[in-house]
Every structure is written in C-alpha cells, then in structure tokens.
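Coordinate inspection notes
Chain by chain, the residues run as shown.
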Amino acid sequence: MRVVSGVKPSGKMHAGNYLGAVKHFIQFQNKADDSFIFVANYHVLNTYPDPESLRKGTVDILLDYLALGLDPEKTTLFLQSSVPQITELTFILSNYTPMGLLERAHAYKDALAKDKNVNHGLFTYPVLMAADILAYRADVVPVGKDQKQHIEITRDIALRFNNRHGDILTIPDARIEESMAVIPGTDGRKMSKSYQNTIEIFASPKQMKKQIMNIVTDSTPMEEPLDPGCCNVFALYRYFATPEECAEMKEKYASPVFGYGHAKLALFEKMNSYFEPFREKREALARDEDLLRDILCNGAAKACEEAQKTLADVRRAAGIIEI
Ligand code: ADP
Ligand code: TRP
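Residues numbered from 1 in each chain as written. Chains lettered and ligands numbered in written order. Predicted model: local features only at pLDDT ≥ 70, side-chain atom pairs only at ≥ 80, totals over all residues. Heavy atoms only, no water.

Quick look at the overall build of the protein now. A tally of helices and strands in the protein yields 14 helices and three strands. Relative to the compact-globule value of 20 Å for 323 residues, the protein shows a C-alpha radius of gyration of 22 Å, a close match. Overall, the C-alpha framework of the protein stretches about 80 × 45 × 35 Å when taken along its three principal axes. By the burial criterion, 49% of the 323 residues in the protein qualify as buried. Within the protein, residue pairs in contact and separated by at least 24 positions form 78% of the contacts whose partners lie at least 6 positions apart. Counting only carbon and sulfur atoms, one obtains 52% of the accessible surface of the protein, whose full area is about 16,400 Å². One finds the centroid of the 39 positive side-chain charges in the protein at a distance of 3 Å from the centroid of its 43 negative side-chain charges. (Helix = DSSP H or I, 4+ residues; strand = E, 2+ residues; numbered from the N terminus. Rg over C-alpha atoms; globule rule 2.2 N^0.38 Å. Buried < 20%, exposed > 50% of the residue type's maximum accessible area, 1.4 Å probe, protein only. Contact = heavy atoms within 4.5 Å. Areas by Shrake-Rupley, 256 points an atom, 1.4 Å probe, with all protein chains shown as cover. Lys, Arg positive; Asp, Glu negative; His and termini not counted. Charge placed at Lys NZ, Arg CZ, Asp CG, Glu CD.)

Residues in contact with ligand 1 amount to 15 residues; listed here are only the nearest, His14, Ile183, Met191, Ser192 and Lys193. Lysine 193 is positioned with one of its backbone polar atoms (N or O) 2.7 Å from an oxygen atom of ligand 1. For the shell around ligand 1, the per-class residue count stands at five nonpolar, seven polar and three charged. (Near = heavy atom within 4 Å. Polar contact = N/O pair within 3.5 Å; in protein donor to acceptor, adjacent residues only side chain to side chain. Nonpolar A, V, L, I, M, F, W, Y, C, P; charged D, E, K, R; others polar.)

Adjacent strands of a sheet pair through backbone hydrogen bonds, lying either parallel or antiparallel. Reading across the sheet, the three strands line up as E1-E2-E3 and stay open at both edges, with parallel pairing between neighbours. Pairing within the sheet leaves two strands with one partner each, and these edge strands are strand E1 (2-7) and strand E3 (75-79). Put simply, the sheet's adjacent strands are angled 15° from each other on average, direction ignored. Across five bridges, the pairing between strand E2 (residues 34-39) and E3 is parallel. (Pairing = 2+ DSSP bridges. Axes fitted to C-alpha atoms, helices over the stretch in contact; angles between N-to-C directions.)

Bring the parts together and some accessible area is lost; that lost area is often taken as the interface size. Taken as a whole, the protein is organised into domain 1 (2-183 + 289-318) and domain 2 (203-283). Between the C-alpha centres of domain 1 and domain 2 there is a distance of 34 Å. Taken together, the 13 residues of domain 1 in the interface contact nine residues of domain 2. Summing both sides of the interface, domain 1 and domain 2 together bury roughly 920 Å²; the carbon and sulfur share of this comes to 64%. Among the residues domain 1 hides against domain 2, the three largest losses belong to Tyr18, Leu19 and Ala67. Together they make up 44% of the total. Summed over the shared surface of domain 1 and domain 2, the number is two salt bridges. (Domains from an automatic or database assignment. Buried area = accessible area lost by both parts, 1.4 Å probe. Salt bridge = Lys/Arg side-chain N within 4 Å of Asp/Glu carboxyl O.)

The calculated volume of the second largest pocket comes to roughly 360 Å³. Forming the boundary of the second largest pocket are 19 residues, of which Gly11, Lys12, Met13, Lys56 and Asp60 lie nearest the centre. Considering each element in turn, the lining of the second largest pocket owes the most residues, six residues, to helix H3 (residues 51-68). Considering only residue class, the lining of the second largest pocket consists of seven nonpolar, six polar and six charged. Here the lining of the second largest pocket gathers at least three residues from each of two domains, domain 1 (2-183 + 289-318) and domain 2 (203-283). (1 Å grid on protein atoms, 1.4 Å probe; cavity = no way out; pocket = protein on both sides within 12 Å on 5 of 7 lines; lining within 4 Å. Points joined across faces, edges and corners; volume = space filled by probe spheres on them.)

We now examine the packing of H3 against helix H14 (residues 289-318). Two quantities define a packed helix pair, namely the angle between the axes and the distance from one axis to the other. One way to put it is that H3 packs onto H14 with a least axis distance of 12 Å and a crossing angle of 90°. When the axis of H3 is compared with that of H14, the two are roughly perpendicular. Counted together, Val59, Leu62, Leu63 and Leu66 of H3 and Leu292, Ile295 and Leu296 of H14 form the full contact between these two elements. (Parallel < 35°, antiparallel > 145°, perpendicular 65-115°, else oblique.)

Moving on, we come to the pairing of E3. By the criterion of burial, E3 is predominantly enclosed, with five of the five residues buried. What you see with E3 is no split at all: Thr75, Leu77 and Leu79 on one side and Thr76 and Phe78 on the other are buried throughout.

Okay, the site of ligand 2 next. By nearness alone, 13 residues border ligand 2, and Lys8, His43, Tyr125, Asp132 and Gln147 come closest of all. A distance of 2.9 Å is found between a nitrogen atom of ligand 2 and a side-chain nitrogen or oxygen belonging to glutamine 147. In the complex, 91% of the free accessible area of ligand 2, which totals 370 Å², lies under the protein chains. Per-element accounting of the shell around ligand 2 gives the leading share, four residues, to helix H8 (residues 125-135). Looking at side-chain class alone, the shell around ligand 2 contains seven nonpolar, four polar and two charged residues.

Before going further, it helps to examine the environment of phenylalanine 275. Position of phenylalanine 275 relative to the elements: it lies in helix H13 (residues 260-287). Judged by relative accessible area, which is 0%, phenylalanine 275 ranks as buried. Expressed as a C-alpha distance, the spacing of phenylalanine 275 and isoleucine 201, which sit 74 residues apart in the sequence, is 6.5 Å. Setting aside chain neighbours within four positions, we find phenylalanine 275 in contact with Tyr18, Ile201, Met208 and Phe240.

Have a look at this one:
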C-alpha cells in the first residue's frame, strides 16, 4: 500500500492541523509500505502569496513535520515544485477533464460566490492535485473531509483516462477521510486559521497559555457543577489526556471549588508538556542548515523517478511519440 499526501504551506501549525491531519500522516508512515509527503507550494500560488512568506512558510512546514516525527527514512519528503513531471502530467490530464467537473468543485464555487478574484490556477487546482496523486500511483490519500471532493475528481479523471487507454493509472482510495475528527477551536467552531480560534502548537508557552485562557466558556458560576459535555476546554483536554485523567477531570467539573480557570490551566499543562519535546526538536532542526536541503534533494530524486515512470506510460498510452 502506498500513501501519498500534500500539505499547503499556509500559516502557523495549530492543534487542529496536528490532531486532524499530521498525526495521521505520521502513523501512516509506519503502516504503509511506502509513503510520499510533499509541500504543495504550487497549489498556494493561486492565492497571490507574498513570495517571502511563501518561502518562509515552505521551510516552516517542513520543520514542523520533521519535528513532529515525520521520518525521511520512511517517508519520501519533497517539494511539489521539485518534480517538473507534475506540471506536464497536469497538462495531459486536463484534456481528460470536462469543464463541468471543475465548475462543480466546492473550492471554485465558494471563491466565485465570495466574488473573489478567481484565476485559472484556482479553477484547475483539482487537475494539479490529480497529477500529484496519480504520478506516484497512490493507493491511499489521507486528507481531511474538506478534500474529499478533490479525491473524487482525481478518481474520475483517472477512470476517464483508463477507459480510453487501458489500465495505466492507479485509482486511489477515497474512503480514508472519514476517520479524521474535526477539532474544535477556542470558540467551539472548527479550529481554523481563518476563524482566528487556533492554539498554535509551536508557540512559546506564554503564547500558548494566552490562547488557552481565551477559550470561550459559559457563565456557570464556580459553585455550580460544570458540564464537561458541552465545554470547549474539555473537548480539547480529552485529546491530550489518558482515559483515567479524563474521568478524574469529569469528577472535578462537578466540584464547587473547581472553575473554568482551573480547567484551562490543566489543559495548558497537558498541551504544553505534550508539545514541549517537539518544540525543542524543531529548534534543533532549524539550526542545522544543510539538513533540510539534503532531505529535500533525496526526496525529490525519488519522487522524480516515480513520476517519470508514470508520465512515460501516460505519454505512450496517449499517443505522444518519443524521439
Ligand atoms: P486551516 O483551516 O487552519 O486553514 P488548513 O486548511 O490549512 O487549516 O488544513 C490543513 C490540514 O489540517 C487539512 O488536512 C485539514 O483537513 C486539517 N485540519 C485543519 N483544521 C482542522 C480541524 N479543526 N480539525 C481537523 N482537521 C483539521
Ligand atoms: N489540496 C490539499 C489541501 O488543500 C493539498 C494537496 C495538494 C494534496 N495536492 C495534494 C493533498 C495531493 C493530498 C494529495 O490541503
């Protein structure tokens, strides 16, 4: 089984990204025979990023992933932009992609509805993503629910190609996203950079504490029992505590001398000690200037080799002459 996924270099890593996506990638690298993870830096271009923040974001996300346990010995880690075969494959696949398929894409429709300045890169985003997935012959693509439609579009494009030319492309599994939970943010909505309700996992302890102390709670006075079932603090606590610790915490919620401030401090202690070793590892990785370059060069060599094989099959099948 081969696992392939891409991550966009956009903003500071938060607990939702970690629990909802990164942790799964890291677990997958031990279960899969083979895993390919890349930074989808081309995919970000349709948002008109500032070049310096794109460069910085790319390095930052790589450091985040390595610090959190992505192992370059087990996972092929590389930049999307290091594999020129991807853009060539995107072009070929675009000829197997009906306009209607792209016009129905949620990301495109949402952008249009918001009257955003929609560019061609955004419209054809799903074809680039299909090329990413199909080039490395992915069996499984671990992504959040928001990406489900993109996987379906990938399958559709691959099936259209195969129907015309035979069994050339591997059809990826589309079921995987269901296992991933949606992590609530400090206001109870889905944790997301766009809602500014995140808890950043590589922030300093002081900043992390500030974000946790800002979690929205109801106005139940301390003397009355608090309900952990509808508490944003407890909703996060349970991801970091053992079942015994959760049971203990539930008892504390019933106590007249326990308030939301105490619960927030307990959550801070848990999250801070959970992420502290990762924070230290990240600082050490950031000091080693050659390390990232070496990892990315090795990853790109392997990724290009794989993508080249698929591209050669695709060109041959489509009738592109080799000279
Ligand atoms: P954001 O909403 O903060 O901009 P991204 O869209 O960059 O986050 O998400 C990156 C990855 O993290 C995606 O795979 C996404 O599904 C996952 N993710 C983001 N927020 C959450 C969340 N609150 N719960 C679970 N997974 C999440
Ligand atoms: N579109 C994905 C996201 O927004 C990132 C991505 C790009 C991706 N190419 C991919 C994910 C290929 C999985 C497979 O998060």
